[in-house]
Amino acid sequence: MARPVKYNSFPQTGWPMPSEVFWGNAGGSIAAPGAGKHIHVLGVLADNKCEIRQTSTSGTILAHIPGDADGLRFPAALDMGENTAAHFVTSDDVTVFYYIHDTNIQ
């Protein structure tokens, strides 16, 4: 059963609700969320190196995580851009913690 998508704003004091979780076998993608919405990646778990790319598996690299990416957390949310898919290029399983920022919610 698919989980409903939650659209969150990001108040200055922190996240308004728990993050979404994506799991992919040998990488994977989170689809573009729609106009006015941004995927914000909070952290990645992966056994091998992982590249976080925009738009497609050959798109712009926003982050390259070398070697063992277990438990990697970012010091801030990584913004994928408005209505842009997030792609995780790795040779193994990947778990991604993220939320969707809706710029229409203030």
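Note: the structure precedes this text.
First, a word on what this report is: a plain description of the structure on this page. (Residues numbered from 1 in each chain as written. Predicted model: local features only at pLDDT ≥ 70, side-chain atom pairs only at ≥ 80, totals over all residues. Heavy atoms only, no water.)

Time to look at a nonpolar patch on the surface. Among the surface-exposed residues, Val21, Leu45 and Phe97 lie close enough to one another that they form a single nonpolar patch of about 210 Å² accessible area. Mapped onto the secondary structure, Leu45 falls in strand E4 (residues 37-46). (Patch = residues over 30% accessible without salt bridge, like charges linked within 9 Å, V, L, I, M, F, W, Y side chains within 5 Å. Areas by Shrake-Rupley, 256 points an atom, 1.4 Å probe, with all protein chains shown as cover. Salt bridge = Lys/Arg side-chain N within 4 Å of Asp/Glu carboxyl O. Helix = DSSP H or I, 4+ residues; strand = E, 2+ residues; numbered from the N terminus.)

Right, let's get into unusual backbone geometry. For Thr55, which is not glycine, the phi torsion reads 70° and is therefore positive. Tracing the backbone through its elements, the reader meets Thr55 in the loop between strand E5 (50-54) and strand E6 (61-65). In this structure, Asn83 is a non-glycine residue whose phi angle is positive, near 50°. Within the secondary structure, Asn83 is located in the loop between strand E7 (72-82) and strand E8 (86-89). We classify Asn83 as partly exposed; its relative accessible area is 37%. (Buried < 20%, exposed > 50% of the residue type's maximum accessible area, 1.4 Å probe, protein only.)

Time to look at the environment of Phe97. Locating Phe97 in the fold gives a position in strand E9 (residues 94-102). The spatial distance from the C-alpha of Phe97 to the C-alpha of Leu45 is 8.6 Å, given a sequence separation of 52 residues. In this structure Phe97 touches Ser19, Glu20, Val21, His40, Val41, Leu42, Gly43 and Leu45, once residues within four positions along its chain are discounted. (Contact = heavy atoms within 4.5 Å.)

This brings us to the environment of Pro75. Here Pro75 shows up in strand E7. Exposure remark for Pro75: the relative accessible area of 88% places this residue in the exposed category. Taking C-alpha positions, Pro75 is 8.3 Å from Leu42, a pair spaced 33 residues apart along the chain.

Before going further, it helps to spend a moment on the pattern of salt bridges. Tallying each qualifying case throughout the model produces two salt bridges. Between Asp102 and Lys37 there is a salt bridge, with the nearest N and O atoms lying 3.9 Å from each other. Note that Asp102 is positioned in strand E9 and Lys37 in strand E4, a separation of 65 residues in sequence. The two residues Asp102 and Lys37 agree in class, both being buried. Two residues, Glu51 and Arg53, come together in a salt bridge whose shortest N-O distance is 2.8 Å. As far as burial versus exposure is concerned, Glu51 and Arg53 are alike and both buried.

Let us look at the side chain of Glu51. Considering the arrangement of structural elements, one finds Glu51 in strand E5. For Glu51, a relative accessible area of 15% puts it in the buried group. Of note is the side chain of Glu51, whose polar atom sits 2.8 Å from the side chain of Arg53. Setting aside residues up to four positions removed in sequence, Glu51 forms contacts with Ile61, Ala63, His64, His87, Phe88 and Val89. (Polar contact = N/O pair within 3.5 Å; in protein donor to acceptor, adjacent residues only side chain to side chain.)

Here we have four strands laid out as an open sheet, ordered E3-E8-E5-E6, and antiparallel in their pairing. Unpaired on one side and paired on the other, strand E3 (28-30) and E6 mark the two borders of the sheet. Within this sheet the neighbouring strands show an average axis-to-axis angle of 15°, counted without direction. Examined bridge by bridge, E3 and E8 share three bridges and lie antiparallel to one another. By the bridge assignment for E8, Ile30 is matched with Ala86. (Pairing = 2+ DSSP bridges. Axes fitted to C-alpha atoms, helices over the stretch in contact; angles between N-to-C directions.)

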